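Here are the chains, one letter per residue:
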Amino acid sequence: MRWRGSRRVPFGGGATEGGAGWLGDDGMTHERSSPGEAAWQCVRVLIGHVTVLCAIVLFALGHATGAAGRAEAGELSVAIHVSSDGNRCYDPGLVAAIRHFTSRYAEQVNASGGIHGLSLKPVIFDDFEQADRAVENVAQALRDPTTIAMLGVPSSTRGRKVFEKLAEDVRNLAIPFITEMSLDEIFADTPNVFTMASSVGNELEVVRHMISSGGYARPVFVGLDNDLYSFALEEGIASGQPGPVGRFRVPVRDYQLAADVAREMAGRIAELGPDLIVLSIHSGPTAKLLNELTRLGVKAPVL
């Protein structure tokens, strides 16, 4: 467990929240990767969710008196916030796996008598990557008097919308909320909120150290044009020395980068003569851009 700049819980970290060119987010990723890599991502996510669910049960054992007073139905709920993508052709099965393993763990808890005699019920809320739906899902979980904890919200972009509208409610209810957001500034003033993801600040330490220790003088950054996590990485790298000789934000939609955009971006990067390229644009678009850079003879290492 690391506590550094953000409040973290075990088994977070791994792939980036919004990107794919490097390893750093987030638990729940949406990368188009190899079957082996996707399987390992799935295992990481499951370990994180099941372990955190164990921690929540232990927390509840010490606070069950108040929770029991709210749970007139004889059960306690853990809200699990996930994000499905219905537009991709390849589904790594993360959401289905989270449903399965959290349900199995709840069954084990309940078979042992539950929590002070109350049954534990995981409740899945899926925002389908829509910010408004993410806000309503969290609001609905907060309104449920049986909710003793929440997990998830795997996006800082959607998470900011959630906390802009519901931070006071989350703080006042004071139940543990373990997110998967890398921008810890979003929940810094909410002491009952934690994250399974490595913070952008932690990751920037690694990136900046690599740039300085490697003697790179002409780094280029390529990120998404609609993602807070990617924006934060870009600004953090730009504030270091040496700063990037090029900063680009590309339009990735449904985890796809248009072929003409990839060609144009590769050409602009090649013209700058970079000695390091930092990417945060998801795995599929990364592969497409790398193919174009290779075609142009660009040999700079990629992070």
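What counts and how
Residues numbered from 1 in each chain as written. Predicted model: local features only at pLDDT ≥ 70, side-chain atom pairs only at ≥ 80, totals over all residues. Heavy atoms only, no water. pLDDT = per-residue confidence, 0-100. Helix = DSSP H or I, 4+ residues; strand = E, 2+ residues; numbered from the N terminus. Contact = heavy atoms within 4.5 Å. Pairing = 2+ DSSP bridges. Axes fitted to C-alpha atoms, helices over the stretch in contact; angles between N-to-C directions. Salt bridge = Lys/Arg side-chain N within 4 Å of Asp/Glu carboxyl O. Buried < 20%, exposed > 50% of the residue type's maximum accessible area, 1.4 Å probe, protein only. Arc of directions from axis to C-beta. Polar contact = N/O pair within 3.5 Å; in protein donor to acceptor, adjacent residues only side chain to side chain.

**Some thoughts on the confidence of the model for the protein chain**
Line of reasoning, step 1. Per-residue confidence for the protein chain gives a mean pLDDT of 80, with 74% of residues at or over 70.
Line of reasoning, step 2. Confidence scores differ between elements of the protein chain, with helix 1 (residues 35–70) showing the lowest mean pLDDT of 52 and helix 3 (residues 131–143) the highest of 96.
Line of reasoning, step 3. Below pLDDT 50 for its whole length, residues 1–6 participates in 15 contacts with residues either more than four positions away or in separate chains.

**A few points about the sheet that holds strand 1 (residues 75–82)**
Line of reasoning, step 1. Read from one edge of the open sheet, five strands run 2-1-3-4-5, paired in parallel fashion. A single partner strand is all that each edge strand has here, and the edge strands are strand 2 (119–126) and strand 5 (193–195). When the angles between neighbouring strand axes are averaged without regard to direction, this sheet yields 20°.
Line of reasoning, step 2. Direction of pairing for strand 1 relative to strand 2: parallel, over a ladder of eight bridges. Note on strand 2: the bridge partner recorded for A79 is V123.
Line of reasoning, step 3. Its contacts with the sheet put helix 3 on strand 1, strand 2, strand 3 (147–152) and strand 4 (177–179), and the angle it makes with strand 2 is roughly 160°.

**Some thoughts on the pattern of salt bridges**
Line of reasoning, step 1. Summed over the entire model, instances satisfying the criterion amount to ten salt bridges.
Line of reasoning, step 2. The partner of E136 in a salt bridge is R143, and the shortest N-O contact between them spans 2.8 Å.
Line of reasoning, step 3. Assessed through its relative accessible area of 38%, E136 is described here as partly exposed.
Line of reasoning, step 4. A salt bridge links R247 to E234; the nearest nitrogen and oxygen atoms lie 3.0 Å apart. Separated by 13 residues along the polypeptide, R247 in strand 7 (residues 246–250) and E234 in helix 6 (residues 228–238) bring together distant segments of the chain.
Line of reasoning, step 5. Classification of E234 by relative accessible area gives buried; the value is 5%.

**Observations regarding helix 6**
Line of reasoning, step 1. Of all the residues in helix 6, the buried ones are Y229, S230, L233, E234, G236 and I237. The buried residues of helix 6 all sit within an arc of 165° when viewed along its axis, so they share a single face.
Line of reasoning, step 2. Packing partners of the buried residues in helix 6 comprise helix 5 (200–213), strand 6 (219–224), strand 7 and strand 8 (276–280).
Line of reasoning, step 3. Put simply, D227 is the residue that caps the front of helix 6, since its side-chain oxygen is 3.1 Å from the backbone nitrogen of Y229.

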